Amino acid sequence: MADDPRRNAFDLQAEQMNWFDLKAPQRSGADSFVQHYDSRYKKYVNVSKLTDSRQQIQLVFISLTAVLFSVLQIAQPGGRADGCVPGFQVRNYQLVLGGPLQKGQPLLQVEFDDCAGNEDVSFEVSDPSFHVDGDLNLVPRRDVESCGPVLLVHGFGSHVDDRAQVDVSGLPVRSENTLTEVLGQKLRYRSKRALLVPPMIVTENQRAPFPRLIGKSHVILTEKTVHHIFRLTGPGADQYPNDLFTIDTETGDVSVSRSLDRETIDSYQLEVSTTDSSGNVLEGPVILVVTVIDQNDNRPIFKESLYTGEVLEGSPTGTTVMTMTAFDADDPATDNAVLRYNIVRQSPDKPSPNMFYIDAEKGDIVTVISPSLLDRETLPTTTYELEIVAKDMAGSEVGLTGTATATITITDKNDHAPEFTHPLFEARVHEGSRGVVVNLTVDDRDDPATGAWRALYSIISGDPKQSFEVQTNPDNNEGMLSVVKPLDYETTAFHTLLIRVENEDPLVPDVGYGPSSTATVHVTVEDINEGPVFFPDPLLVTRMENVPVGSFVASLNASDPDVLEIQSIRYAVLSDPAAWLSVNPVRGTVNTSASLDRESPYVHANKYTALFVATDNGTPPATGTGTLIIHLEDYNDNAPFVVPSVAQVCEDAGDMNVAVVAGRDKDLAPNAAPFKIELGKQPGLDKTWRVTRINSTHSQIMLLQSLKKANYQLPLLITDSGVPPLSNSTEVKVQVCICTKTKRYCSSAHSHRTSLVVLLSTLLLVRLCL
């Protein structure tokens, strides 16, 4: 049998994978099939019946070797806990056909597992007429009428590189090629040597001794070649963190050199390659993925040490109050990070030790107590404290735990109406006073400082003039009844008020305001000696200024509000800024004691204000104050005057050489403007000067003859429009200046009197010069 090409292929594959699979010659004439137990897969596989004793001996030897190898693999530190071996789980298949094959017809299903989910696995078949589809079925790509006796299936990916053999019967043989020739075909995926690096796992927190073997790299040789030296590179080998993993340069054994922490790094990606003795790369690099297997070495940790929540009193059973959330740093894909929540303590435990329940998986805390018992006003406390424990390992006894506290407050709803502590309140108040007269007290069983407790008061009857108001004292919720408009004993000595109290928040539907939510308040007004009251106040009169001293101005009128008593009133001046007035103390008549002057600084907007006081003879005496406002009419008692007092003209005569002046008068129209401004009565002035009117208040001075540079006092006469009119003779200093286009040069010497002699001398001098 040594010359059987199929046996040689099997032996070759077994050597390449370093596996001790039982693979005998698959067919020998009409030999029947037998089963053999494969210890790697814990299943029986079909093998052909052996035909001679030599093969039987080989079968026994290989079987024992496979069993021994499986035991050693299980005992190795770092071996896969799930027993998964990447590659074809069955590497030899028998395909018996009854005739030609149709395109897409599934022939058989191969068993293949890369131990990583088969996500990036590809297949190639030695005969291009076949392929392996996504369901691992061997399928013809086209209609097939003949094929070779052997199909070689190549499965490869980042975690695996393996081959299987399919023996085909029932179709005409396409050629006489032996399996050795098939294996020798030059396929695009086939190389004469290959480096197989399966993924490896290592458990975190391992203890010494180190190093520990975690896996092995293989070089698959198809022909005699040079010696391979294994090399390991990447983070965890020759890069940070350095020297975590090492590889035996001769055997390809990979070891871990110290304990790992999955929560720091959960996997490592390294590269394995082989070189010859001169350092030349022969194979690779091939990715080696080392996965760190989690241990339950982290306790659950709550995000907060203290959680707070609220639930409204009377809430239905099952109301969610809050959610507790813990975090476990272990692998979330394992039970090490699967948490279960539990309430281990409730304080206080009344009225029931199980008022709340926590969803073991979600951490939601919900109410268990009935709504009738969840009454804030009857519970022993409004705050409950729960001790919550989170346990990993899905809550098993070996799980680690973390603890947090949840504080739940039973919040109030407005299920109690406020009630007055007394149905009747009494108050006494002096007439004429303002302010709080009585505090109204109420009881409310709801939560203080909430809208269900805060009171709102209203007067529903007994206050037609709105003389009272009720405000809430924010400190004690009492109603403060105040007088906002002074009460009059003589008008009403007794008031009866009906006051209602409500809450800021509306009551719940099944609760209403009862009789105790209203109260009566009796307010008694006490009589006091009230001061006299002036009417009208202020008293307005109009008078002409400058009336003779002793003239009548006004008559004051003050009355005593205490109509039930007979009292006398005396008057006096309280404030008379200009000392113009006097008052008769009994009759209250006001006369002038000095001349009234509208232009006085004590007069504002033509009005003069004085204050008077009226005093009764009660015990004790009471006073009242009244105001007298005199509107002063104007009298033409102020002569007009000219402004400005200095004017400038140029020395050359001309129509454009003028100075503008204006009239002013302290009196009002019609005793002021229009003004008449003219030259003084001195003879000869009109030969040199002319004054012409511009408007009702302004005139212009014009130089008729050229004068030398000097200052001249020009007499003017200004008259107002009063009846009778007032005139005023005044002088304006006129500066005759030398003028240029940009500047005037005026004299600063004393002014010359503009007289007839001066003017004649000036004219004579001008003629001589000419």
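Please refer to the structure higher up on the page.
Residues numbered from 1 in each chain as written. Predicted model: local features only at pLDDT ≥ 70, side-chain atom pairs only at ≥ 80, totals over all residues. Heavy atoms only, no water.

Side note on the pattern of salt bridges
To keep it simple, the criterion reads: Salt-bridge detection follows one rule: a side-chain nitrogen of Lys or Arg within 4 Å of a carboxyl oxygen of Asp or Glu. Each residue is assigned to one of three classes by its accessible area relative to the maximum for its type, calculated with a 1.4 Å probe on protein chains only: buried under 20%, partly exposed between the two thresholds, exposed over 50%. For helices the rule is a DSSP run of H or I covering at least 4 residues; for strands it is a run of E covering at least 2, with both sets numbered from the N terminus onward.
This model, assessed by the stated rule, comprises 14 salt bridges. As a salt-bridge pair, E377 and R376 come within 4.0 Å of each other at their nearest N and O atoms. When sorted by exposure, E377 lands in the same class as R376, which is buried. For E504, the salt bridge is made with R454, and the minimal N-O distance between the two is 3.0 Å. Pair noted here: E504 is in the loop between β37 (494–503) and β38 (518–526) and R454 is in the loop between β33 (442–443) and β34 (455–461), with a separation of 50 residues, a long-range link. On the basis of relative accessible area, E504 is assigned to the partly exposed category, the value being 40%. Each of R262, E263 and D294 takes part in salt bridges that share partners, so that together they form one network.

What to know about the environment of S516
Note the threshold: The criterion used for residue contact is that any of the two residues' heavy atoms lie within 4.5 Å.
Mapped onto the fold, S516 is located in the loop between β37 and β38. Linking S516 and A417, residues 99 residues apart in sequence, is a C-alpha distance of 9.0 Å. Not counting the four nearest positions on each side in its chain, S516 is found in contact with P418, E419 and F420.

A few points about the sheet that holds strand β11 (residues 161–169)
Let me state the cut-off plainly: Pairing between strands requires that DSSP locate at least two bridges from one strand to the other. Axis geometry follows a simple rule: fit a line to the C-alpha atoms, using only the stretch in contact for helices, then measure angles between N-to-C directions, giving values from 0 to 180 degrees.
In spatial order, the strands read β4-β11-β10-β7; together these four strands make up an open sheet with mixed pairing. Either end of the sheet is taken by a strand with one partner, and the two such strands are β4 (92–96) and β7 (122–125). Each neighbouring strand pair of the sheet contributes to a mean axis angle of 25°, computed without reference to strand direction. Across five bridges, β4 lies against β11 in parallel orientation. Within β11, the position partnered with L95 by the bridge is V168.

A look at the nonpolar core
The following threshold applies: Grouping buried Ala, Val, Leu, Ile, Met, Phe, Trp, Tyr and Cys residues that are joined through side-chain atoms within 4.5 Å yields what is termed a nonpolar core.
Membership of the largest hydrophobic core comes to 26 residues, with the highest contact counts inside it found for F88, Y93, F123, F130, L138 and V166. Among the secondary structure elements, those contributing two or more residues to this core are β4, β7, β8 (130–132), β10 (150–156) and β11. Examining the composition of this core, we find that three residues originate from one element, β11, more than from any other. In contact with F130, not counting residues within four places along its chain, are L101, L107, V125, L138, V139, P140, R141, V144, C147 and L151. Counting 25 residues, the second-largest nonpolar core is a separate cluster that includes M322, L339, M355 and I358.

Considerations on the pairing of β10
Side-chain positions along a regular strand alternate between the two faces of the sheet. Across the seven residues that make up β10, a large majority, six, are buried. Note: β7 against β10, four bridges, orientation antiparallel. From the neighbouring strand, E124 faces β10, where its bridge partner is H154. Here β10 runs beside β11; their pairing, made up of seven bridges, is antiparallel. By the bridge assignment, L151 is partnered in β11 with V166. Between β10 and β11, which pair antiparallel one after the other, the connecting turn spans four residues.

Here's the deal with the packing of aromatic side chains
For any pair of aromatic rings, the description consists of the separation of the ring centres together with the inter-plane angle of the planes. Test applied: Pairing of aromatic rings covers Phe, Tyr and Trp, the last through its six-membered ring, and needs centres within 6.5 Å; plane angles under 30 degrees mean stacked, over 60 mean edge-to-face, and all others mean tilted.
Across all of its chains, the model carries 11 aromatic pairs by this definition. Seen in terms of ring centroids, F88 and F112 are 4.8 Å apart; in terms of plane orientation they differ by 75°. Their pairing is edge-to-face. A residue pair is termed long-range when its members are at least 10 positions apart, and F88 in strand β3 (residues 87–88) and F112 in strand β6 (residues 112–113) qualify at 24 residues. Judged by relative accessible area, which is 0%, F88 ranks as buried. Plain terms: the ring middles of F302 and Y341 are 6.2 Å apart, the flat faces sit at 55° to each other, and that makes the pair tilted.

Overview of the side chain of Q89
Heads up, the rule is: Any N or O atom pair separated by 3.5 Å or less is treated as a polar contact, with the protein-specific requirement of one donor-capable and one acceptor-capable atom, and with residues adjacent in sequence counted only for side-chain atom pairs.
Relative to the helices and strands, Q89 is located in the loop between β3 and β4. Taking relative accessible area as the criterion, Q89 reaches 16% and is therefore assigned buried. Here the side chain of Q89 touches V85 through a polar contact of 3.1 Å, landing on its backbone oxygen.

Some points on the state of the cysteines
What counts is decided by this rule: Two cysteine sulfurs form a disulfide in these notes if their separation is within 2.5 Å.
All chains considered together, the criterion is met by three disulfides. In this model C650 forms its disulfide with C739; the gap between the sulfur atoms is 2.0 Å. Handedness here is read from the sign of the S-S torsion; for C650 and C739, about -100°, the answer is left-handed. With C650 in strand β49 (residues 646–650) and C739 in strand β55 (residues 727–739), this residue pair connects regions lying 89 residues apart in the sequence. For C650, a relative accessible area of 18% puts it in the buried group. With relative accessibility at 28%, the residue C739 sits in the partly exposed group. Listing the disulfide partners of the chain by sequence rank of the bonded cysteines yields 1-2, 3-5, 4-6.

Structural notes on the pairing of strand β9 (residues 137–140)
Neither face of β9 is left uncovered, since the one carrying N137 and V139 and the one carrying L138 and P140 both have all their residues buried. When strand β5 (residues 108–109) meets β9, the two strands line up antiparallel, connected through two bridges. Bridge pairing links L108 to L138 in β9. With three bridges connecting them, β8 and β9 associate as antiparallel partners. The residue of β9 that forms the bridge with V132 is L138. As consecutive antiparallel partners, β8 and β9 are separated by four residues, and within that stretch L136 has a phi angle of approximately 65°, a positive value.

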